[in-house]
4 protein chains.
Amino acid sequence: MVRIGVYGATGYTGFELLRLLRRHPRTELVFATSESAAGQTLADLYPVPWEVPLVHPEEADPAQADVVFLCLPHGASAPTAVRALEAGIRVIDLSADFRLATPEAYARWYGLEHPAPTWLPQAVYGLTELYREQIAGARLVANPGCYPTGTLLGLAPLLQAGLVADGPIIVDAKSGVSGAGRRPRPTTHFVAVHENLAPYSVGRVHRHVGEMEQEVAKLAGTPYPILFTPHLLPVSRGILSSLYVPLRDPLDTAAAHALYAQAYKKEPFVWVLPPGQTATLAHAVGTNRCVLSLHPLPEVGHLLVITALDNLVKGAAGQALQNLNVMAGLPETMGLEA
Amino acid sequence: MVRIGVYGATGYTGFELLRLLRRHPRTELVFATSESAAGQTLADLYPVPWEVPLVHPEEADPAQADVVFLCLPHGASAPTAVRALEAGIRVIDLSADFRLATPEAYARWYGLEHPAPTWLPQAVYGLTELYREQIAGARLVANPGCYPTGTLLGLAPLLQAGLVADGPIIVDAKSGVSGAGRRPRPTTHFVAVHENLAPYSVGRVHRHVGEMEQEVAKLAGTPYPILFTPHLLPVSRGILSSLYVPLRDPLDTAAAHALYAQAYKKEPFVWVLPPGQTATLAHAVGTNRCVLSLHPLPEVGHLLVITALDNLVKGAAGQALQNLNVMAGLPETMGLEA
Amino acid sequence: MVRIGVYGATGYTGFELLRLLRRHPRTELVFATSESAAGQTLADLYPVPWEVPLVHPEEADPAQADVVFLCLPHGASAPTAVRALEAGIRVIDLSADFRLATPEAYARWYGLEHPAPTWLPQAVYGLTELYREQIAGARLVANPGCYPTGTLLGLAPLLQAGLVADGPIIVDAKSGVSGAGRRPRPTTHFVAVHENLAPYSVGRVHRHVGEMEQEVAKLAGTPYPILFTPHLLPVSRGILSSLYVPLRDPLDTAAAHALYAQAYKKEPFVWVLPPGQTATLAHAVGTNRCVLSLHPLPEVGHLLVITALDNLVKGAAGQALQNLNVMAGLPETMGLEA
Amino acid sequence: MVRIGVYGATGYTGFELLRLLRRHPRTELVFATSESAAGQTLADLYPVPWEVPLVHPEEADPAQADVVFLCLPHGASAPTAVRALEAGIRVIDLSADFRLATPEAYARWYGLEHPAPTWLPQAVYGLTELYREQIAGARLVANPGCYPTGTLLGLAPLLQAGLVADGPIIVDAKSGVSGAGRRPRPTTHFVAVHENLAPYSVGRVHRHVGEMEQEVAKLAGTPYPILFTPHLLPVSRGILSSLYVPLRDPLDTAAAHALYAQAYKKEPFVWVLPPGQTATLAHAVGTNRCVLSLHPLPEVGHLLVITALDNLVKGAAGQALQNLNVMAGLPETMGLEA
């Protein structure tokens, strides 16, 4: 059994992780922390009968665990990561603290001095399908953001093959409200969301632009600007993104599907739909799958890729558990099949 | 033109009132107040192009108005009412401060010493269809609660005719989320509400029970206990209630419809559906109508009345404007026809 | 392995059953039928990657299975049941065809002559918690309706203890749209449902009234009339019901909870919430649990029981699988734990 | 009074038009037709108390009206238009039958031989803000499609100024379900739509691509390809579109706003949001406004325009009534102010 500690168990991501861990046959939860709800149990906060005790993070000893998951806000996560890492415990960080490669990038996109820059070189970007080998041996995994996960899986085959032309890659993304976190805000009030669709952080200002552009450049060997329009969608879960990719040479349907089939043929959690089908949220919500559909538009020199995932599963807790399986040498799909 | 002041213009009720007043041809808005947003305009808070300036309530002079509407929390409303009343200005109070007839009842249901008990005898309960004449001459109108409006219009013909048997009257009510107010709370977070249905304040504890029992006793000349189960419904607006009424003698369909037709034959805003039809939220939302459908169950000695209204219109701002029309001698439907 | 055949695999209930069976470690699907989609696979109809072949029901041989589930419309289900039963195959029928004890009751509530009256005496009513022993040995299980499941689990302890007074038991129930079936109708169009709440089949006319009254009489040893108000709720799944039960003698909180705790202490799928908590849809959706909360109102001689379940799981496919586990001697929670 | 006939009164568009006409002070409804509901009234079909009689279209005499509105399916609309036009009656056609300029384009996009090609040269494209003068004198107005209305108002200032660079204009659009019509289909079933987001007719296949490209070419004097991704959104009403426009020369915020302010300074129904604000569905739903927000991205050579409207109002019935006002010499905002 792999002994697990979870920091920040009461947000949507932490709760989803605990839900998944309950079904995982080879892990054992040794602690779950909450600053605001220490002393309570999960059943006090969510409509579930799980009497999981919540301890204050200062009372949790990371050394009791083999691996700790950090479901904490950025800025708060890094110090906890350091404490665990220095105790020799492996860390899967679901915050943004170790996703950007340099303190400068972190300062630019998050407006903070990085709390633990010396650990940045150790961090492996936890997009399992792309960095599986490095993750297997990593001490510190930076679990990707929800938007970047779908975008990068949708773009990777094109970028790696050097097919993308100049000009911005346009990402028009729509996210369920759980992506905005559990703290009540005017923007997540039911009345504000229902019967509405609200773009936000439009253009090149959302923090995930930095993460996406960094990873796109790594995959392509050259930078591409991303034009990113996230929207708040009146659903609880899921992200669906349209990726408008200008191509150096037109791809037809057969070529596009061959490229993606080759790239993802062994991937249990990437589902490339057959030609003629279109990805929807319903293909992905409640699963750890990233679903892709390909829409070649050779007459205008573009490939449109539509990608869907569950922001709390493949976009957060599910991918984190997938990474744990990789790190622990377990079957990658364990506990994630449903 | 009737000069209008609105206190508390930025909550859902205040905003709805301003929306209705814009279409009312014989009123003129002289001020709209907000404590938290003074100095801003309505267009800063809501997605509308209405540059209505918001002033701090202490800077609003009630004497500039002929009538003021109070869309303030209970407890905060009464002192503002007194200020206006003492300046000779008529008041329509949408809070609960003047709905209960005695300071004792107020203390029991609201847990506060009444802020202005000497004004209680002046207050007229503003359920227009039942107290039209008193409202016409009132200085102080206590606009009814959203749940009581539908319940009382649904029960009044039976109570006034002395038809209700002993035993509790059961009211199973479902309300849209705007009824919970605009302040973000965990219970109004989109993720908490969507795909959910949540009863709350079940039994005889919701504050509107006191208001309903008071008014039921007035209508019947004798008290009846009410068993009240409100629910939070995943819609933005509307209240639909099932009223299970035990009868002294069974009523059949013809008799039930004759009774209600007689009671409401001249009412522009009470819509009694024909036999065989059932009230739904969609019959009422966006209008000032209270919709009723009658379901006689003589074999079990009950009449089931289903009642629907828009909690922000007939359940709050619309009825307040209806009362203004009555007070100002204007056609009762003015500005409310849509 | 228990070999399973599923008739009617493409409706919501059939699909949910296939989804559950995929996670069940001791069953093997030998066929799944569809009249309209024979020759296709499940992936052609639902956004899932499950290439389960669909065969025409006439091409399915029940004798290949140990147990067949019937997810067919009433009237169509009984002949298929007979075919399997005569081949010696055990049947779990999710339709209404074998729920009512007599052909007369069936004719009254379903307007049809019963297609297989000689099999009615063999049928066991499949409310697992109440008829577990008979189910274990049954050849033919009549899986309960979605509304009756919650209502009967909510009422059973009171009825069995003889505590219910005369007068109707009032059941105010709210169901998600999947309960109305997958066939598109004007009443299930998104625009008709969203931002609406619509009661239907109000009073004593819904077919489940017959089923509920039959079972209530069995549990109490004496008949009680039920006054039933179902509503269509703008959610996909779940039923929440308020049961207003008049009592011979008042029950206080401690006594009510003691009664239910005793009744359900060993039940893995009945969750009685502690005093002070209220059942919501979110407690139940996605699980096989029936959730109960108790709200004693001794001052008006009633106990209010609020009950929630997932209409497709505990209200249909989940309970069917629970019954299979009982029939096959497997742990009752197998495949249903999540 | 302008005498009005409405063909096809019972679909969502026809019903919305009747709703708007009720508030219009200078029109008189002389007939409303329905093939399927002839002999019934509007109150039989919708939850409203409007006893508007519905006649069979063959019993409606267009000559009783001054103007007829056609809310009919494409293909069926043209013959009705011809009948009215030949009687000398002016026609506002809300179908697609007269939007495309040539029979060839109609055949390509709608797969039908045009039913009345000789009338095509008479048709004026009814985007009021762009063709107001021609509309004023038109006998036949082709009311624009819902998607084109928002797209064209969002693009027109750029196109007319010759600022758009080569390369496709990308339109990522999201529509509420009323846009799919009132006939129940699997794709509009509540369960299929709720908690989902589904792109459809992706790329360059949706019929509105033809209409948009025709009008874009007229405005720019040169053709541009459009890459169009419509989505079905889980709301009842509204369209929000992201328009990604490549520019010949970068525009900064001041220049972009100056351009649009100039273009729309006198338009009552185009609302250009100030810099820093973002258009949402909530800005537009329930109104006849088209709302625009401008997001210059000079570093990648694009202007992102976000546009929102109510598909049934400015996208259909509201714009049709706006056109009627223009044709009849009435104030353009009459009946549309709310």
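Here the structure is shown first, and the text comes after it.
Residues numbered from 1 in each chain as written. Chains lettered and ligands numbered in written order. Predicted model: local features only at pLDDT ≥ 70, side-chain atom pairs only at ≥ 80, totals over all residues. Heavy atoms only, no water.

A. Geometry of the overall build of chain A. Along the backbone of chain A there are 10 helices and 13 strands. Radius of gyration (C-alpha) of chain A: 19 Å, near the 20 Å computed for a compact globule of 338 residues. A burial count over chain A gives 64% of its 338 residues as buried. Expressed as a percentage of contacts within chain A between residues at least 6 apart in sequence, the contacts between residues at least 24 apart total 68%. Surface exposure of chain A reaches about 11,300 Å², of which carbon and sulfur atoms provide 51%. Treating the 24 positive side-chain charges of chain A as one cloud and the 29 negative ones as another, the clouds have centres 2 Å apart. (Helix = DSSP H or I, 4+ residues; strand = E, 2+ residues; numbered from the N terminus. Rg over C-alpha atoms; globule rule 2.2 N^0.38 Å. Buried < 20%, exposed > 50% of the residue type's maximum accessible area, 1.4 Å probe, protein only. Contact = heavy atoms within 4.5 Å. Areas by Shrake-Rupley, 256 points an atom, 1.4 Å probe, with all protein chains shown as cover. Lys, Arg positive; Asp, Glu negative; His and termini not counted. Charge placed at Lys NZ, Arg CZ, Asp CG, Glu CD.)

B. A look at the interface of chain D and chain A. Across the boundary between the two partners, chain D contributes 37 residues, which contact 37 residues of chain A. Taking both partners together, chain D and chain A bury about 2,900 Å²; carbon and sulfur atoms supply 71% of that area. When the area that chain D buries against chain A is broken down by residue, the three leading residues are Glu195, Leu197 and Tyr244 of chain D, summing to 19%. Taken together, the connections running from chain D to chain A amount to 4 salt bridges. Note that Lys174 of chain D is salt-bridged to Asp172 of chain A, the shortest N-O span being 2.9 Å. Summed over the shared surface of chain D and chain A, the result is 20 residue pairs in polar contact (both at pLDDT 80 or more). If one sorts the elements of the side of chain D that touches chain A by residue count, strand E7 (residues 169–175) of chain D sits on top with 4 residues. Residue classes in the side of chain D that touches chain A are distributed as 21 nonpolar, 10 polar and 6 charged. (Buried area = accessible area lost by both parts, 1.4 Å probe. Salt bridge = Lys/Arg side-chain N within 4 Å of Asp/Glu carboxyl O. Polar contact = N/O pair within 3.5 Å; in protein donor to acceptor, adjacent residues only side chain to side chain. Nonpolar A, V, L, I, M, F, W, Y, C, P; charged D, E, K, R; others polar.)

C. Spatial organisation of the sheet that holds strand E1 (residues 2–7) of chain A. All names here are of chain A. Pairing within the open sheet is parallel, and its 6 strands lie in the order E2-E1-E3-E4-E6-E5. The strands lining the two open edges of the sheet, one partner per strand, are strand E2 (27–32) and strand E5 (123–125). Across the sheet, the mean angle separating the axes of adjacent strands is 25 degrees when strand polarity is ignored. Against the sheet, helix H10 (residues 313–328) touches E1, E2, strand E3 (67–70), strand E4 (90–93) and strand E6 (140–142), its axis set at about 160 degrees to E4. (Pairing = 2+ DSSP bridges. Axes fitted to C-alpha atoms, helices over the stretch in contact; angles between N-to-C directions.)

D. A look at the packing of helix H6 (residues 146–160) of chain D against helix H9 (residues 253–264) of chain D. Residue and element names in this part refer to chain D. It is at 9 Å that the axes of H6 and H9 come closest, and there the two elements cross at 110 degrees. Between H6 and H9, the angle falls in the class roughly perpendicular. When the axes of H6 and H9 are compared, the crossing they make is right-handed. Within the contact between the two elements, H6 uses Leu152, Leu153, Gly154, Leu155, Ala156, Pro157 and Leu158 and H9 uses Leu259, Tyr260, Ala263 and Tyr264. (Parallel < 35°, antiparallel > 145°, perpendicular 65-115°, else oblique. Left-handed = near helix turned anticlockwise from the far one by under 90°.)

E. Structural context of the packing of aromatic side chains. Counted under the stated rule, the structure contains 30 aromatic pairs over all chains. For the pair Tyr260 of chain A and Tyr264 of chain A, a centre-to-centre distance of 6.3 Å together with 50 degrees between the ring planes defines the contact as tilted. Placement of both Tyr260 of chain A and Tyr264 of chain A in helix H9 (residues 253–264) is noted, with a separation of 4 residues, approximately one turn of the helix. Under the relative-accessibility criterion, Tyr260 of chain A is labelled buried at 0%. Accessibility expressed as a relative area gives 7% for Tyr264 of chain A, which makes it buried. Between Tyr106 of chain B and Tyr110 of chain B the ring centres are 5.4 Å apart and the planes differ by 20 degrees, which places this aromatic pair in the stacked class. (Phe/Tyr/Trp six-rings, centres within 6.5 Å; stacked < 30°, edge-to-face > 60°.)

F. Structural context of the relation of the copies chain D and chain A. Superposing chain D onto chain A requires a rotation of 180 degrees together with a translation of 0.0 Å along the rotation axis, leaving an RMSD of 0.0 Å. The superposition of one copy onto the other is thereby described by a two-fold rotation axis. A high fraction, 100%, of the interface residues of chain D reappear at the interface in chain A, so the copies pair face to face through one surface. (Least-squares fit on C-alpha atoms with pLDDT ≥ 70 in both.)

G. Quick look at the interface of chain C and chain B. Each partner contributes residues to the interface: chain C has 37 residues there, and chain B has 37 residues. It is Glu195, Leu197 and Tyr244 of chain C in chain C that bury the most area against chain B; as a group they hold 19% of the surface buried on that side. Our count for the contact surface shared by chain C and chain B stands at 4 salt bridges. Applying the counting criterion to the chain C and chain B interface returns 20 residue pairs in polar contact (both at pLDDT 80 or more). Tallying contributions element by element places strand E7 (residues 169–175) of chain C first for the side of chain C that touches chain B, with 4 residues. Broken down by class, the residue content of the side of chain C that touches chain B amounts to 21 nonpolar, 10 polar and 6 charged.

H. Focus on the pairing of strand E10 (residues 239–246) of chain C. All names here are of chain C. By the criterion of burial, E10 is predominantly enclosed, with 8 of the 8 residues buried. Here E10 shows two buried faces, one formed by Ile239, Ser241, Leu243 and Val245 and the other by Leu240, Ser242, Tyr244 and Pro246. Here E7 pairs with E10 via 6 bridges, running antiparallel. What sits directly across from Ser175, in E10, is Ile239. Alignment of E10 against strand E13 (residues 302–309), held across 8 bridges, turns out to be antiparallel. Looking at E13, one finds that Val245 is bridged to Leu303.

I. Molecular detail of the pattern of salt bridges. Evaluation of the coordinates by the stated rule reveals 52 salt bridges over all chains. We note a salt bridge from Lys314 of chain C to Glu129 of chain C, for which the minimum N-O separation is 2.8 Å. Taken together, the residues span a long stretch of sequence, with Lys314 of chain C in helix H9 (residues 313–327) and Glu129 of chain C in helix H4 (residues 128–136) at a distance of 185 residues. Each member of the pair, Lys314 of chain C as well as Glu129 of chain C, carries the same accessibility label: buried. The network of salt bridges with common partners includes Glu16, Arg19, Arg237 and Asp310 of chain A.

J. Local environment of the environment of Thr41 of chain C. Residues and elements named next belong to chain C. With respect to the helices and strands, Thr41 occurs in the loop between strand E2 (27–32) and strand E3 (67–70). The spacing of Thr41 and Val2 is 39 residues in sequence and 22 Å in space, taken between C-alpha atoms. When sequence neighbours within four positions are dropped, the list of residues in contact with Thr41 reads Trp50, Glu51, Val52, Pro53 and Leu54.

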